[in-house]
Every structure is written in structure tokens, then in C-alpha cells.
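Structural overview for review
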Amino acid sequence: REAWNEELRQVRQSLDRQTEAWAQRADQTAEDAQALAATKEQLVKAEVEIAHGKERLQVQIEQNQQLQEEIKHLEANREAARDELAQLRGQFGPLAESAAEAARLRGELSAAQVELDRLREQVAHPAEGAELQQQLCDIQAQRQQLEGELEAARQRAADLGESLAEQQRTAAAERDAWSEE
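Presented here is a report on the structure given in the accompanying data block. Keep in mind it's a predicted model, so treat the numbers as computed, not measured.

Calculation criteria
Residues numbered from 1 in each chain as written. Predicted model: local features only at pLDDT ≥ 70, side-chain atom pairs only at ≥ 80, totals over all residues. Heavy atoms only, no water. Helix = DSSP H or I, 4+ residues; strand = E, 2+ residues; numbered from the N terminus. Rg over C-alpha atoms; globule rule 2.2 N^0.38 Å. Buried < 20%, exposed > 50% of the residue type's maximum accessible area, 1.4 Å probe, protein only. Contact = heavy atoms within 4.5 Å. Areas by Shrake-Rupley, 256 points an atom, 1.4 Å probe, with all protein chains shown as cover. Salt bridge = Lys/Arg side-chain N within 4 Å of Asp/Glu carboxyl O. Core = buried A, V, L, I, M, F, W, Y, C linked by side-chain atoms within 4.5 Å.

1. Details of the overall build of the protein chain
Counting its regular elements, the protein chain contains two helices and zero strands. In summary, the protein chain has a C-alpha radius of gyration of 52 Å against a globular reference of 16 Å for 181 residues, an excess of more than 25%. Principal-axis analysis of the C-alpha atoms places the extent of the protein chain at approximately 180 × 25 × 15 Å. For the protein chain, buried positions account for 12% of its 181 residues. Sequence-distant contacts, at least 24 apart, represent 70% of the contacts inside the protein chain between residues at least 6 apart. For the protein chain, the accessible surface area stands at approximately 14,400 Å², while carbon and sulfur atoms represent 53% of it.

2. Some thoughts on the pattern of salt bridges
All chains considered together, the criterion is met by ten salt bridges. A salt bridge links Arg9 to Glu6, with the shortest nitrogen-to-oxygen separation between them at 2.3 Å. Residue Arg9 and its partner Glu6 are located together in helix H1 (residues 2-124), separated by three residues, close to a single helical turn. Residue Arg9 is classed as partly exposed on the basis of its relative accessible area, which comes to 39%. Where Glu108 meets Arg104, a salt bridge forms, and the shortest distance between an N and an O atom there is 2.1 Å. Here the residue Glu108 and the residue Arg104 both occupy positions in helix H1, the gap between them amounting to four residues, near one helical turn. The class of Glu108 is partly exposed, set by a relative accessible area of 29%.

3. What about the environment of Gln65?
For Gln65, the position within the fold is in helix H1. Gln65 sits in the partly exposed class, given a relative accessible area of 44%. Taking the C-alpha atoms as reference, Gln65 lies 26 Å from Val48; in sequence the two are 17 residues apart.

4. Description of the environment of Ala165
Mapped onto the secondary structure, Ala165 falls in helix H2 (residues 129-180). You can call Ala165 partly exposed: its relative accessible area is 25%. For the pair Ala165 and Leu88, spaced 77 residues apart in sequence, the C-alpha separation works out to 9.9 Å.

5. Comments concerning the side chain of Glu84
Structurally, Glu84 can be placed in helix H1. The contact partners of Glu84, leaving out residues within four places of it in the chain, are Ala171 and Arg175.

6. Side note on the environment of Glu149
By secondary structure assignment, the location of Glu149 is in helix H2. Remark: the alpha-carbon pair of Glu149 and Leu105, spanning 44 residues in sequence, is separated by 7.5 Å. Leave out the neighbours within four places in its chain, and Glu149 touches Arg104 and Leu105.

7. So, the nonpolar core
By size, the foremost hydrophobic cluster in this structure holds seven residues: Ala102, Leu105, Leu109, Ala112, Leu146, Leu150 and Ala153. Breaking this core down by element, the ones donating at least two residues are H1 and H2. Per-element tally for this core: the top contributor is H1, with four residues. In this structure, Ala112 is in contact with Ile139 and Leu146, ignoring residues within four places of it in sequence.

Below, the structure is given as C-alpha cells:
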């Protein structure tokens, strides 16, 4: 019986050790399960962050494409504006020349007017008669010619001004159309 008791005691001790080992393993398995659950939760969070990152990246790519299209559009508008400016500068030259010509003709007209007044004064005193009459006729003819040239220069300046204004309106309309695009 003592051997039996001893064997029973040893079996109990063995069972106690195995039970304790299993309890430790159960505790370890529970800890492992908790660690695994935490790891899974971190993995899910990381996947969500990756998905959000992909969405943000896609949005950024779309914004970059839109900005590149806007840059191309602005560059095209810049080139068109440069062309328009060059054209307007080309048209402004003749207009400036016409204005200078008109100023020169005004000066000549003023000088002719002074000369005409002087000659009228001399005509009022008929001492030099026919010669002065001829000079007066010549000066009046010259005056009419200068007035005709001045009127032609004014008309040309007005025509160029209207042409320039029309081209500016057209260019503004085109710019508005480009801006709307």
C-alpha cells in the first residue's frame, strides 16, 4: 500500500505539474491571443491608412493634372496676348506717324495763316497791287492744299483709331472667350 500511496502521490504531483503547465500554457495562449488581436487591429488600422493614403494620392494626381492643363491654357493665352500686343504695336506706329504729320501740318497752316494775314494787310494798301494779289492767291492755294492734307491726315488718324479700337474689341472678346474656356 505504501508503494501504491507513493505512486498515487507521484501521479498527483505529476498531474498537478501538468495542470499548472496547462494553466500556464492557457495563460500564455490567452496572452498570445490578445497580442494577435492587437496585431490584427494594428493591421486593420494600417490597411485603412494605406487606403486613405491611396485616395489622397489619387486626389493629388488629379489636382496635378488639372494644374498642368491650366498651365498649358495660360501659356497658350500668354502667347496669344504676346501676338496681339505685337500686332497692336505695329498698328500704333502708323497712328503715331499720322499724329506727328498732323502736328507738322498744323504748324505749317499756322505759318500760312500768319502770312495770309500779312498779305491781306498789304492788299488793304493797294500800293503793291497785282504782285501782292498773286502772292495772296498762291498762299491761299497753298493754304487749301495744307488744309486738305491736314484733313486727310485727320481722316487717316481717325480710320486708324477706329481700326485699332475694333481690333482691341476683337482681342478683348477673344480673351474673354479664352478665359471662359
